[in-house]
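# A structural walkthrough
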Amino acid sequence: MLNVKIRKLFRSDAQPFVLDANVSFPPGFTVLFGPSGAGKSTLLDCIAGLQQPDSGEICLGEKVFFDAAGNLSLPPQRRELAYVFQSLALFPHLSVEQNIRYGLDRLAASEQTERANTAARNFRIEHLLSRRPAELSGGEKQRVALARALATSPRVLLLDEPLTGLDSSLRRSILEDLHAWNDANRIPILYVTHNREEVDAIGERIVTLVNGRVQETGTPRGVLDAPRTIELAQSAGFENVLPAVVVEHRPADGIMRVSLDHAACEIEIPLGEAEPGSEVRVAIRAGDILVATEPPHFLSARNILPGTIVSGETRGAMVALQVKAGTIFQVHVTPGAVRALDLSPGLLVWLVIKTHSCHLVR
Amino acid sequence: MNTEALLLSFRLAATVSLFLLVLALPLAYVISFFQWRGKFLVESVVALPLVLPPTVLGFYALLAMGPHGLLGKIWQSLFGHPLAFTFTGLVLASMLYSLPFAVQPLVASFESLDRRLLDASAILGADRARTFLRIILPLAWPGVLTALVLSFAHTLGEFGVVLMVGGNLPGITRTVSIDIYDRVQALDYAAAHQTALLLLLISFVVLSIVYGVNRRVWSPWPAK
């Protein structure tokens, strides 16, 4: 178990920023999730010993990495951890093999070779050992960075968006190799990502960080499907974060009614902790909204809003519609749906939103 | 052409640039990778020879090395002979004079390194020395080459400092630039021309090499 309880103040920026984290990481994957600037990389840097917190302590089991009160801070060299940066930081003048062996220089030569070969095999880069980083593709570089990190047999693994920029099949294949390694070694792995797909693929546990503070801890579904703050809602892929005012509570129905955008329209959302009259925000995924071209009947969905399509934009395998139904809603549909329903700007439509697709955020 | 003076100049320039590299590497390392309160003072001292007239520098170097100067006294008691007007004295003064030309290219190349590479090296267990030898030096080699070449070229062409500290002793301190000056004073323009042209060519070739290798030679203290 890696226990982190630290505080660090940054005064240099225009707005002072405080990283104030109190969180534990058990063996296995923990996703660190949050908007950019939330302090995720700073937290990893503090754990690695590349930055010093102002106060608090960091320990891995019995081993103390940092203790402000005891005036103790182990240098990065002695923390026995591995850290893959977003930039990967492969040494450009060394071959792949030299990169992997760089962290093994205290071992006997035969042991170095064996460890380097094992790491190369685990991440399927045996055929690349004599190449320089400049001669590798993006995915190969990421594999080399992981192999170099894990060859050292670390006791903690820090991964700062190690798979950004890869297509999803490549990402999945590398994640599978990482999972296999994790099953065999079971050390705390901190995985920073913005990518919802990676979060779902990694799965075990998630810690969300917003404005330097740990906001929530739990499973990805529990935390990300019902985000409780606006920053988190935005980075968890909730395209609609709408200002709203609570109109009334209906405890018998398990709902409350809120009005959107200065009473332009009203919808039902699950009953939450907000008094009537208070200002809140409602987060809805663009993909959770249905579009009908006639008034739908016989549905369990409670929110059916008439509106007009304002614009449509094709983005890869989906079409992003903007629909004015009181307020502007972002709605994602498939190109097939656009063709079948002949969806185009100016068309009158009905938006269908399930009550439980609406999330109250602070 | 005065080959004796030319060879002396080359010997001086080679000695100075090598010793200077030994001095400038740790200095540039400290300036690039450490933050401390009085750092700007060290940076100013290192850059001082850039703006100071060589005669001023030479004058104070002469005072320090003279029989009443601190350096001169220490030298006298250690080696039994004075320091001023010797080749060694010339080397010391020239090192001071060319210091910024060795330190600044090194600092520029050190500071342009990706800090995450140094972080990665530390995380992988390498101490400062290993990081320096295995990562910093190999990646900063254009800066090292530039430092060597520039301090060599700069020393080769110096005049004021040599005149003040070295005087004009054939084979000991009469360098090529002094020789050219003497020839012109004696109205022997042909001989002055030969040597001057050679120096011009050498300087041009040297600078071409430096610019070919590294385009950031003249960047002053780089922006951080």
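Residues numbered from 1 in each chain as written. Chains lettered and ligands numbered in written order. Predicted model: local features only at pLDDT ≥ 70, side-chain atom pairs only at ≥ 80, totals over all residues.

### What about the overall build of chain A?
Within chain A one finds 9 helices and 21 strands. For the C-alpha atoms alone, the extent of chain A along its principal axes is close to 75 × 50 × 40 Å. The contacts of chain A with a sequence gap of at least 6 include a subset with a gap of at least 24, amounting to 66%. (Helix = DSSP H or I, 4+ residues; strand = E, 2+ residues; numbered from the N terminus. Contact = placed C-beta atoms within 7 Å.)

### Brief notes about the overall build of chain B
Along the backbone of chain B there are 11 helices and 0 strands. The N-to-C order of helical and strand elements in chain B reads α-α-α-α-α-α-α-α-α-α-α. The C-alpha extent of chain B, read off along each of the three principal axes, is 65 × 45 × 25 Å. For chain B, buried positions account for 41% of its 224 residues. Partitioning the contacts of chain B with sequence separation of at least 6, the portion at a separation of at least 24 is 75%. (Buried ≥ 20, exposed ≤ 12 C-beta atoms within 10 Å, placed from the backbone.)

### Brief notes about the domain arrangement of chain A
Much of the literature gives interface size as the accessible area that the parts lose upon coming together. Under the domain assignment used here, chain A contains domain 1 (2-226) and domain 2 (238-361). Here the C-alpha centroids of domain 1 of chain A and domain 2 of chain A sit 39 Å apart. (Domains from an automatic or database assignment.)

### As for the pairing of strand 15 (residues 279-284) of chain A
All names here are of chain A. Note that strand 12 (residues 240-250) and strand 15 share 6 bridges and pair antiparallel. Bridge pairing links P243 to R281 in strand 15. Taken together, the 3 bridges between strand 15 and strand 21 (residues 359-361) define a ladder with antiparallel strand orientation. Along strand 21, the bridge assignment pairs R281 with V361. (Pairing = 2+ DSSP bridges.)

### Describing the sheet that holds strand 12 of chain A
All names here are of chain A. Read from one edge of the open sheet, 5 strands run 14-13-12-15-21, paired in antiparallel fashion. With one partner strand each, in any of the chains shown, strand 14 (265-270) and strand 21 form the two edges of the open sheet. Adjacent strand axes in the sheet meet at a mean angle of 45° when their direction is disregarded. (Axes fitted to C-alpha atoms, helices over the stretch in contact; angles between N-to-C directions.)

### Regarding the packing of helix 8 (residues 141-156) of chain B against helix 11 (residues 189-213) of chain B
Helix packing for two helices is described by the angle between their axes and how far apart those axes are. Residue and element names in this part refer to chain B. Put simply, helix 8 and helix 11 touch, their axes get as near as 10 Å, and they point 165° apart. As far as their axial angle goes, helix 11 and helix 8 are roughly antiparallel. Here helix 8 runs over helix 11; the crossing is left-handed. Taken together, the residues of helix 11 that come into contact with helix 8 (itself represented by P142, L145, T146, V149, L150, A153 and L156) are I202, S203, V206, L207, I209, V210 and V213. Broken down by class, the residue content of the contact of helix 8 with helix 11 amounts to 12 nonpolar, 2 polar and no charged. (Parallel < 35°, antiparallel > 145°, perpendicular 65-115°, else oblique. Left-handed = near helix turned anticlockwise from the far one by under 90°. Nonpolar A, V, L, I, M, F, W, Y, C, P; charged D, E, K, R; others polar.)

### Observations regarding the pairing of strand 13 (residues 255-260) of chain A
Residues and elements named next belong to chain A. Bridge count for strand 12 against strand 13 is 6 bridges, and the pairing is antiparallel. Within strand 13, the residue paired with V246 across the bridge is V258. Between strand 12 and strand 13, which pair antiparallel in sequence order, lie 4 residues; one of them, G254, sits at a positive phi of approximately 75°. As defined by bridge partners, strand 13 adjoins strand 14 across 6 bridges and the pair is classed as antiparallel. If you follow M256 over to strand 14, its bridge partner there is I269.

### Some remarks on the confidence of the model for chain B
All names here are of chain B. Averaged over every residue, the pLDDT of chain B is 87; residues scoring 70 or more account for 95%. The element-level mean pLDDT for chain B is lowest in helix 11, coming to 84, with helix 6 (residues 115-123) highest at 95. Throughout residues 217-224 the model reports pLDDT below 50, and contacts reaching past four residues in sequence, or to other chains, amount to 11 contacts. Our summary of model confidence lists the complex with pTM equal to 0.75 and ipTM equal to 0.79. (pLDDT = per-residue confidence, 0-100.)

### Some details on the interface of chain A and chain B
Counting residues at the interface gives 15 residues for chain A and 14 residues for chain B. For the side of chain A that touches chain B, the element with the highest residue contribution is strand 7 (residues 81-84) of chain A, accounting for 3 residues. In the side of chain A that touches chain B, the residues fall into 10 nonpolar, 5 polar and no charged.

### Looking at the nonpolar core
Counting 158 residues, the largest nonpolar core has Y83, A147, L158 and L351 of chain A together with A61, L106 and V165 of chain B as the members making the most contacts within it. Of all the elements, helix 5 (residues 87-111) of chain B adds the most residues to this core, at 14 residues. Counting only domains with at least three residues in this core, you end up with domain 1 (2-226) and domain 2 (238-361) of chain A. Beyond its immediate sequence surroundings of up to four residues, L158 of chain A is in contact with L44, I47, A48, L81, A82, Y83 and L190 of chain A. (Core = buried A, V, L, I, M, F, W, Y, C linked by C-beta atoms within 7 Å.)

### Description of helix 5 of chain B
The end-to-end C-alpha distance of helix 5 of chain B, which contains 25 residues, comes to 35 Å, matching closely the 36 Å that a straight helix rising 1.5 Å per residue would cover. Buried residues dominate helix 5 of chain B, accounting for 21 of its 25 residues. (Expected span 1.5 Å × (residues − 1).)

### Quick look at unusual backbone geometry
Residues apart from glycine generally show negative phi values, whereas peptide bonds are mostly found in trans. Despite not being glycine, F298 of chain A shows a phi value in the positive range, around 55°. With respect to the secondary-structure elements, F298 of chain A resides in the loop between strand 16 (289-292) and strand 17 (303-315). Looking at F298 of chain A, the number of C-beta atoms within 10 Å reads 4, which means it is exposed. For F85 of chain B, which is not glycine, the phi torsion reads 60° and is therefore positive. For F85 of chain B, the position within the fold is in the loop between helix 4 (70-79) and helix 5. Overall, the presence of 17 C-beta atoms within 10 Å leaves F85 of chain B in the partly exposed class.

### Some thoughts on the packing of helix 5 of chain B against helix 8 of chain B
Residues and elements named next belong to chain B. In contact at an axis separation of 8 Å, helix 5 and helix 8 are set at 160° when each is read in the N-to-C sense. One element, helix 5, and the other, helix 8, form an angle in the roughly antiparallel class. Read as a crossing pair, helix 5 and helix 8 show a hand that is right-handed. Contact residues: S94, S98, F101, A102, P105, L106, A108, S109 and F110 in helix 5; P142, G143, V144, T146, A147, L150, S151, H154 and T155 in helix 8. Its residues assigned to classes, the contact of helix 5 with helix 8 comprises 10 nonpolar, 8 polar and no charged.

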